[in-house]
Every structure is written in C-alpha cells, then in structure tokens.
Amino acid sequence: MPKPVKVKDYTHPFPNWAELLSACWAEGMDEMDPEALGVQMAHCHEELSRTFFPKEEEDRKFTRPSRGSQCPQMNYFGRVEGVELGEFPHGIQATFALGHFAHAIGYAALASALPSCFTLYSELKADVSNIMPEDGAQSGTIDLVIVTQDLEEAKRYLAPRVLEETPNCLGDFKTMTGFSWREHRKADYTVLGPDALGYKGQLCTYWGSNTVQELRGSHGEFAPILIGVNKESPHQGIAPREIPQNVAKEALVRATKNFNNDSDVGPWLFNRFGKEVAFFCGANGRRGYCPVYETCQERRKAEG
C-alpha cells in the first residue's frame, strides 16, 4: 500500500483547518520528528506530576475554564453556597494520565509535519481574567495554537477564504471513547446546543481570552477547533471540528454569564434541556458527571 502524499507535496490547498490538521497528524505519526517528540515527552512528565501531585492554587479553584461554562447554577453552588466538589472516581488519575500522553504525541505529530510557514504552540498559558469572576481561576492552558507567519507561503496549504477569514487556529484536544468520538464526528457544531460537557464553552473561553485577543491584534482571527482523539482506536486519526465564528461568540457570551452567576437560578441546565443532559446532570437517582450533581438532584426533588 503506497504511503500518502506528504503535506508539503499536496498540489491543492486544503479547504479548511480541520483537513490540514488531520493530514499533518497522520504524516507526523508515520514520520515523527525526534526533537519534537523529545520536547513533548519532557513536558508530558511535568503534566503527569501535576495529575498525581496537584500543587497549583489555580487547579483548586471551583470555577475555571474547564468547569462551569455550561450551567450558571453549578457556579452558584460552588462559589456562593460553597458546595464542595464530589470525589473523583477511584483511579481516575490513570485516565487523566493517558489523556496527557495522547495530547503530547498529538502535538509532536503536528509539529513534525506542519509546514514552516506556520508556528505551533502547545500548552500555552492563557490569561482569562477578562472572563472569569475574581474568585475563579484567572488563567488556563490552551492545548494548541497555530499562527500563520508567512501568508504567501501558506496559500499552498490553505484556501484563500480561510487565510482571509481565519488565518490562525486554536485547538482543544479531547480524548474520547470510540462511541463519543463517532458522535463527535457527526455532531452539528453550527449551533450552540446544550454543551453539557462544556467543551464549546471551554474552547471559546480561551478564544475570547486576553491572550488570544492580543495575538488576534497582531496576527488576525483564530478558528476555534475541537480535536477529538479516539483513545480506543487512536490509529483512526483525529477528528477536528471547527466552531463557526458566530457560534463561538454565542458560546463565549453564555460561558461568561454562567461563570459569573451568583444567583440561585435553580437546575438551569436540566430544566432547559432535560433528557439531552441527563447523563451529565444525573436523573432518576443515577450518578451524573456534574461535580455538584448530588446537591442539584436534592434541590430538584425538593422543588418537585
């Protein structure tokens, strides 16, 4: 079976960032650059240490980019009533550790094949103080930022419309089960929807952060992309899904409002979306993924 054409040898530009990223990931996995891999493995060691031995104060804040963008009541319980986070399932650190490893080799693969007209930054610290409440985390980490440095050369790899509208991209990697990965590939990202896991909210919080605003001023607009990684069958490649600019703006507005909520608005997410978010909120006595689902379920029962 012949090897696929290298990215630098493509005769036509890619129509969007998602297809360019997928091609770079596939090529990078086949022809990994040792230096790129070494850099990421060193950083992965640091992330593994944080997973098993969390030390940073920001890691302990209730409201943070990865928690609270989807529901205002979650932030009310945590920030105002002081409801403590539920205990993580036993052994969950192993799942987090595998995620860090998948991220690291993904960054290395992209860096190995990405043309030199682009600059890739991984695990970039972001100032989100313009979005978060004062008692929330004031910083976060953007998984992936790619900035176009040479627009003329980039025309070989991206369609003119892309370079005109979104010459740069930022991505958030999400390791998923095979089922979730397939659902992610066919999901409709042209609408905001319930966003029960907060994936769009987290990504678009970074998209609207002070850090990205500063980059936007010097390099142009960014395409926000959710990058699904199938942890059960990683050889199937990544599934990058771009969030349209209008949806990103809606997600940022909703996340900002939810993060800063200090009013008891009741079980907002469950009342609004019902069965669509039952797996997250918990229902009929079943455990939910929400960190304060037990408190919220008790409140829902009391309210009938």
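What comes next is a walk through the structure.

Conventions we followed
- Residues numbered from 1 in each chain as written.
- Predicted model: local features only at pLDDT ≥ 70, side-chain atom pairs only at ≥ 80, totals over all residues.
- Heavy atoms only, no water.
- Buried < 20%, exposed > 50% of the residue type's maximum accessible area, 1.4 Å probe, protein only.
- Helix = DSSP H or I, 4+ residues; strand = E, 2+ residues; numbered from the N terminus.
- Pairing = 2+ DSSP bridges.
- Patch = residues over 30% accessible without salt bridge, like charges linked within 9 Å, V, L, I, M, F, W, Y side chains within 5 Å.
- Areas by Shrake-Rupley, 256 points an atom, 1.4 Å probe, with all protein chains shown as cover.
- Salt bridge = Lys/Arg side-chain N within 4 Å of Asp/Glu carboxyl O.
- Expected span 1.5 Å × (residues − 1).
- Contact = heavy atoms within 4.5 Å.
- Axes fitted to C-alpha atoms, helices over the stretch in contact; angles between N-to-C directions.
- Phe/Tyr/Trp six-rings, centres within 6.5 Å; stacked < 30°, edge-to-face > 60°.

### Digging into the pairing of strand E3 (residues 168-176)
With eight of nine residues buried, E3 lies mostly within the body of the structure. Judged from the three bridges that link them, strand E2 (residues 139-148) and E3 form a sheet pairing that is antiparallel. Following the sheet pairing, Val145 is matched in E3 by Leu170. Where E3 meets strand E4 (residues 222-230), nine bridges bridge the pair, whose relative direction is parallel. When the sheet's bridge partners are listed, Leu170 is paired in E4 with Pro224.

### Some points on a nonpolar patch on the surface
A contiguous nonpolar surface patch, about 330 Å² in accessible area, is contributed by Leu197, Phe279 and Tyr289. Among the structural elements, Leu197 can be located in the loop between helix H7 (178-186) and helix H8 (199-207). The partly exposed category is assigned to Leu197, whose relative accessible area is 36%.

### Overview of helix H4 (residues 92-113)
In this model H4 runs 33 Å from its N-terminal to its C-terminal C-alpha over 22 residues, within 8% of the 32 Å that 1.5 Å per residue would give. Every buried residue belonging to H4 is among Ile92, Ala97, Gly99, Ala102, His103, Ala104, Gly106, Tyr107, Ala108, Ala109, Leu110 and Ala113, and all of these are buried. Buried-residue contacts for H4 involve helix H1 (17-30), helix H2 (34-52), strand E1 (118-127), E2, E3 and E4.

### Let's talk about the pattern of salt bridges
Enumeration over the complete set of coordinates arrives at 11 salt bridges. We note a salt bridge from Lys155 to Glu152, for which the minimum N-O separation is 3.2 Å. Classification of Lys155 as partly exposed rests on a relative accessible area of 46%. The class of Glu152 is exposed, set by a relative accessible area of 55%. Notably, a salt bridge pairs Asp172 with Lys174, separated by 3.2 Å at the nearest N-O pair. Residue Lys174 is classed as buried on the basis of its relative accessible area of 13%. Counted as one network, the salt bridges with shared partners bring together Glu81, Asp264 and Arg299.

### Details of the sheet that holds E3
Strand order in the open sheet formed by five strands is E1-E2-E3-E4-E5, and the pairing between neighbours is mixed. Of all strands in the sheet, those bounded by a partner on one side alone are E1 and strand E5 (238-242). Strand-to-strand, the axes of this sheet are offset by a mean angle of 30 degrees, without reference to chain direction.

### Thoughts on helix H10 (residues 245-259)
Its 15 residues place the ends of H10 21 Å apart at the C-alpha level, agreeing with the 21 Å of an ideal helix rising 1.5 Å per residue. Of the residues making up H10, those classed as buried are Val247, Ala248, Ala251, Leu252, Arg254, Ala255, Asn258 and Phe259. Buried residues belonging to H10 abut helix H3 (72-80), H8, E4 and helix H11 (268-273).

### Let's talk about the packing of aromatic side chains
For the coordinates displayed, the defined rule picks out seven aromatic pairs. On the numbers, 4.6 Å between centres and 40 degrees between planes, the contact of Tyr10 with Phe14 is tilted. Judged by relative accessible area, which is 31%, Tyr10 ranks as partly exposed. Residue classification places Phe14 among the buried positions, given a relative accessible area of 6%. Taken together, the ring pairs connect Trp17, Phe118 and Tyr157 into an aromatic cluster.

### A closer look at the environment of Arg182
Tracing the backbone shows Arg182 in helix H7. Residue class for Arg182 comes out partly exposed when judged on its relative accessible area of 47%. For Arg182 and Lys275, which are 93 residues apart along the polypeptide, the C-alpha to C-alpha distance reads 20 Å.

Worth remembering: the numbers are spatial, not functional.
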